Amino acid sequence: MVDVSKWPLFTLLSAQELASIRQACIFGASANEAIYITHDDEVYVLGLNCSNCLGTGDSQSTIVAKKLDCLTGKKLVSLSYGSGPHVLLATEEGELYAWGHNGYSQLGNGTTNQGVSPILVTTNLQNKKVTEVACGSHHSLALTHEGEVFAWGYNNCGQVGSGSTANQPTPRKVSNCLQNKVMVSIACGQTSSMAVADNGEVWDETNHLYPSFLWKYAKCNIASGYAHSLALTDEGLLYAWGANTYGQLGTGNKSNQLSPVQVMTEKERIVEIAACHSTHTSAAKTQSGQVYMWGQCRGQSIVLPHLTHFSSTDDVFACFATPSVMWRLLSMEHDDFLTVAQSLKKEFDNPETSDLKFSVDGKYIHVHKAVLKIRCEHFRSMFQSNWNEDMKEVIEIDQFSYPVYRSFLEFLYTDSVDLPPEDAIGLLDLATSYCENRLKKLCQHIIKRGITVENAFSLLSAAIRYDAEDLEEFCFKFCVNHLTEVTQTAAFWQIDGNMLKEFICRASHCGAFKN
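Residues numbered from 1 in each chain as written. Predicted model: local features only at pLDDT ≥ 70, side-chain atom pairs only at ≥ 80, totals over all residues. Heavy atoms only, no water.

Structural notes on the overall build of the protein
Defined as follows: Starting at the N terminus, helices and strands are each numbered in turn, a helix being any DSSP run of H or I of at least four residues and a strand any DSSP run of E of at least two. The globule rule is 2.2 Å times the number of residues to the power 0.38, and the radius of gyration it is compared with is taken over C-alpha atoms. The buried label applies to any residue whose accessible area, calculated with a 1.4 Å probe on protein chains only, is under 20% of its type's maximum; exposed applies above 50%, and partly exposed to all values in between. Here a residue-residue contact requires only that any non-hydrogen atoms of the pair lie within 4.5 Å. Computed with the Shrake-Rupley method and a 1.4 Å probe, the accessible areas treat only the protein chains shown as cover for residues. His is not counted here, nor are the chain ends, while Lys and Arg score as positive and Asp and Glu score as negative. A charged residue contributes its charge at one atom only: NZ of Lys, CZ of Arg, CG of Asp or CD of Glu.
Helices and strands together make up the secondary structure of the protein, namely 13 helices and 28 strands. The globule rule puts the C-alpha radius of gyration for 515 residues at 24 Å, and the 32 Å found for the protein is more than 25% above it. Counting only C-alpha atoms, the protein reaches 95 × 60 × 45 Å along its principal axes. Counting all 515 residues of the protein, 51% fall into the buried class. Considering only intrachain contacts with a sequence separation of at least 6, the fraction spanning at least 24 residues in the protein is 50%. Working note: accessible area of the protein is about 23,800 Å², and carbon and sulfur atoms make up 48% of it. Placing the 39 positive and 55 negative side-chain charges of the protein at their respective mean positions leaves the two points 3 Å apart.

And the structure:
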């Protein structure tokens, strides 16, 4: 599953908000805007809000997600964005909404006024069900259920396919060569448009006033970059054409290609291709799950497909595209599958699956011998060296308190510790006894974060007692820096006389008692 937190904007959301996301998209000239749809079909936006592209009704940026009430309950099936940016959204009912930049009438409402909130686009689309949308830099496409293509907006290169280079203020059906043809998918480059017919024909609109036939294959998927295009056939073959300044065609050189050429011929079957009109990056995924990237990748020109360690083409755009936008509306796969780590965490202290109990302060903690043997050398020795405990179903613990020992066992299942500093002292004692060095470091970190004037001397005493040198130095410096307040606490006057003498001597060497 794709981790949306790889896009910085989503780190602003809480874990609960992230879990509610069903679909999401990062867009904008600098990838500074985000839109997401929840499982309850509520639409939220956040980010910079260039050209009112968040649709919130104002021009204010926001780092707190805002809900677009007018889209609540609208089941979204397709979303795309331009460079302005402007945003197009198609619903399950076939409605088309648009907002954002409109300097070239790319919103399709017949004006050039920016759309500060979502508007329903209806001109020439009455009784039409829109199933897919695509945006170029400043032009727009819509595909209907009947297989018709409508285009509008900026038309300097003929990308609207109207027979002229005049801008198109409202949706216009692209006919001419597409008359009587059923189109099944659409895509846009910065100033180009593509559509695939049900018979596999690919039609291209760039520097042509009307759609022109480009290529035919039994069945294919298409994707458009800034000025290059990719096509994937039903046999898993990948073709590329267009601009190649950054090696985005993957041909091993930077020569432009006017017609499709096959790439990745030596690789296994390709199952997914990825490109986006605002980048010069390309990506592909093979049948076995290998992900390749090429083109402009973090400023470098990669002229041949490069094998990555990613599991998704979306990760390529999150980490290497410029800007790091999403190349598609991302659907989140929230399911009941648990990783090994999640499963272990879930089974801690579960009496239904455990085969061993620890009794501490009269309370039981349910665990699994196998997990303890794998995770801790102390228990590995206990259960493999004929210790008396190896034959017991219940092991009594009296050296440590219940919160401390439970936290230790939970650490073996989760790699994390959640204790107040005072209890972390006891856990530090346990970690020292069991030679658990990583746990020892975690305890010291907890203690450092929780040190106060009131507990500083107690923590210093514990650090000395458990031979935690780094923690001892930290606590000592804290006590010296807050000497007057620390010496007035009860903990200071309850310490051992020898330790008090040692502290005073050490503090004097640091100049703590100079006027």
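Brief notes about the sheet that holds strand β22 (residues 281-286)
How we decide: For two strands to be treated as a pair, DSSP must find at least two bridges joining them. The angle between two axes is taken between their N-to-C directions and runs from 0 to 180 degrees, where each axis is a line fitted to C-alpha atoms and a helix contributes only its stretch in contact.
Strand order in the open sheet formed by four strands is β21-β22-β23-β24, with antiparallel pairing between adjacent strands. The outermost strands of the open sheet, each flanked by one partner alone, are β21 (270-275) and β24 (300-307). Pairs of neighbouring strands in the sheet enclose a mean axial angle of 10°, with direction left out of account.

Some details on helix α6 (residues 402-414)
Heads up, the rule is: Under the convention used throughout, the expected extent of a helix is 1.5 Å for every residue step, that is, one less than its residue count.
Taking 1.5 Å per residue as the helical rise, α6 with its 13 residues ought to reach 18 Å, and the 18 Å between its terminal C-alpha atoms agrees with that figure. Buried within α6 we find Y402, V404, Y405, S407, F408, L409, F411, L412 and Y413. Following α6 by one or two positions, D415 adopts a phi angle in the positive range, close to 65°.

A short note on the UniProt feature "repeat: RCC" (unreviewed entry) in the protein
Note the threshold: UniProt positions are given in the numbering used here, feature names are shortened, and annotations may be inferred rather than shown by experiment.
Mapped onto this numbering, the UniProt entry annotates "repeat: RCC" (unreviewed entry) at residues 94-146, 147-199 and 236-287. Measuring from the first to the last C-alpha atom of residues 236-287 gives 9 Å, for a span that is 0% helix and 46% strand.

Re the packing of aromatic side chains
In plain terms, the rule: Working definition: a ring pair exists when centres of Phe, Tyr or Trp rings (six-membered ring for Trp) sit within 6.5 Å. Plane angles under 30 degrees give stacked, over 60 give edge-to-face, the rest tilted. Note on geometry: a ring has a charge over it if NZ (lysine) or CZ (arginine) is within 6 Å of the ring centre and within 35 degrees of the ring normal.
A complete count under the given rule lists 21 aromatic pairs for this structure. Geometrically, the ring pair formed by Y36 and Y44 is stacked, given 5.4 Å between the ring centres and 15° between the ring planes. In textbook terms, an aromatic cluster arises when at least three aromatic residues are bridged by ring pairs, as seen for F358, F379, F383, F400, Y405, F408 and Y434. Across the ring face of F476, the terminal group of R506 is positioned such that the distance to the ring centre comes to 4.0 Å.

Quick notes on the packing of helix α9 (residues 456-465) against helix α10 (residues 469-481)
Selection criterion: Should an angle lie under 35 degrees it is considered roughly parallel, over 145 roughly antiparallel, and from 65 to 115 roughly perpendicular; all remaining angles are considered oblique. Take the far helix as the reference: if the near one is turned anticlockwise from it by less than a right angle, the crossing is left-handed, and if turned clockwise, right-handed.
α10 packs onto α9 with a crossing angle of 155° between their chain directions and a minimal axis gap of 8 Å. It follows from the interaxial angle that α9 and α10 lie roughly antiparallel. The hand of the α9/α10 crossing is left-handed. The segment α9 lies against α10, with A456, F457, L459, L460, A463 and I464 engaging L471, E472, C475, F476, F478 and C479.

Notes on the side chain of N455
Relative to the helices and strands, N455 resides in the loop between α8 (437-449) and α9. Of the residues examined, N455 reaches a relative accessible area of 9% and is grouped as buried.

Things to note about the packing of helix α7 (residues 421-433) against α8
In a pair of packed helices, the angle between the axes and the distance between the axes together describe the arrangement. So the rule is basically this: Basically, the charged four are Asp, Glu, Lys and Arg, the nonpolar ten are Ala, Val, Leu, Ile, Met, Phe, Trp, Tyr, Cys and Pro, and anything else, Gly included, counts as polar.
In contact at an axis separation of 9 Å, α7 and α8 are set at 160° when each is read in the N-to-C sense. Considered as vectors, α7 and α8 are oriented roughly antiparallel to each other. Crossing geometry of α7 relative to α8 is assigned as left-handed. Where α7 approaches α8, its residues P421, A424, I425, L427, L428, A431 and T432 are matched on the opposing element by L439, K440, C443, Q444, I446 and I447. A class-by-class count of the residues in the contact of α7 with α8 yields ten nonpolar, two polar and one charged.

Examining the pairing of strand β2 (residues 33-38)
Counting buried residues in β2 gives six out of six residues, a clear majority hidden from the surface. Residue alternation in β2 divides its side chains into two sets, E33, I35 and I37 and A34, Y36 and T38, and both sets are buried. Here strand β1 (residues 21-27) pairs with β2 via six bridges, running antiparallel. Each bridged residue has a counterpart across the sheet, and for Q23 the counterpart in β2 is I37. Between the antiparallel neighbours β1 and β2 lie five residues, among them G28 with a positive phi of about 105°. By the bridge criterion, five bridges tie β2 to strand β3 (residues 43-47) in an arrangement that is antiparallel. Bridged to Y36 within β3 is Y44.

Things to note about the pattern of salt bridges
Note the cut-off: Criterion for a salt bridge: a side-chain nitrogen of Lys or Arg within 4 Å of a carboxyl oxygen of Asp or Glu.
One pass over the structure, following the stated rule, counts 21 salt bridges. One salt bridge connects K173 with E148, and the closest N-O pair in it is separated by 3.0 Å. Here the residue K173 occupies a position in strand β12 (residues 168-173), and E148 occupies one in the loop between β10 (139-144) and β11 (149-153), the gap between them amounting to 25 residues. Using a relative accessible area of 33% as the deciding quantity, one classes K173 as partly exposed. Judged by its relative accessible area of 14%, E148 falls in the buried class. Among the salt bridges present, the one from D470 reaches K448, with a minimum N-O distance of 2.4 Å. With D470 in helix α10 and K448 in helix α8, this residue pair connects regions lying 22 residues apart in the sequence. Under the relative-accessibility criterion, D470 is labelled partly exposed at 48%. Take K448: its relative accessible area is 24%, and that puts it in the partly exposed class.

Side note on the sheet that holds strand β28 (residues 394-397)
Read from one edge to the other, the open sheet built from three strands follows the order β27-β26-β28, with strand pairing classed as mixed. Of all the strands in the sheet, the pair left with one neighbour each is β27 (363-367) and β28. On average, adjacent strands in this sheet sit at an angle of 25° to one another, irrespective of strand direction. Strand direction decides the pairing type here: strand β26 (residues 356-360) and β27, joined by five bridges, are antiparallel. Within β27, the residue paired with F358 across the bridge is I365. α6 contacts β26, β27 and β28 of the sheet and is inclined by roughly 10° relative to β27.

Digging into the nonpolar core
Counted only if it meets this: Throughout, nonpolar core names a set of buried Ala, Val, Leu, Ile, Met, Phe, Trp, Tyr and Cys residues whose side chains join them through atoms within 4.5 Å.
Membership of the largest hydrophobic core comes to 59 residues, with the highest contact counts inside it found for F358, F379, Y405, F408 and L409. With eight residues, the top contributor of residues to this core is α6. Ignoring sequence-local partners within four residues, the contact set of F379 consists of F358, L372, K373, Y405, F408, L409, L412 and Y434. Residues F10, L68, V87 and C297 belong to the second largest nonpolar core, which totals 49 residues.

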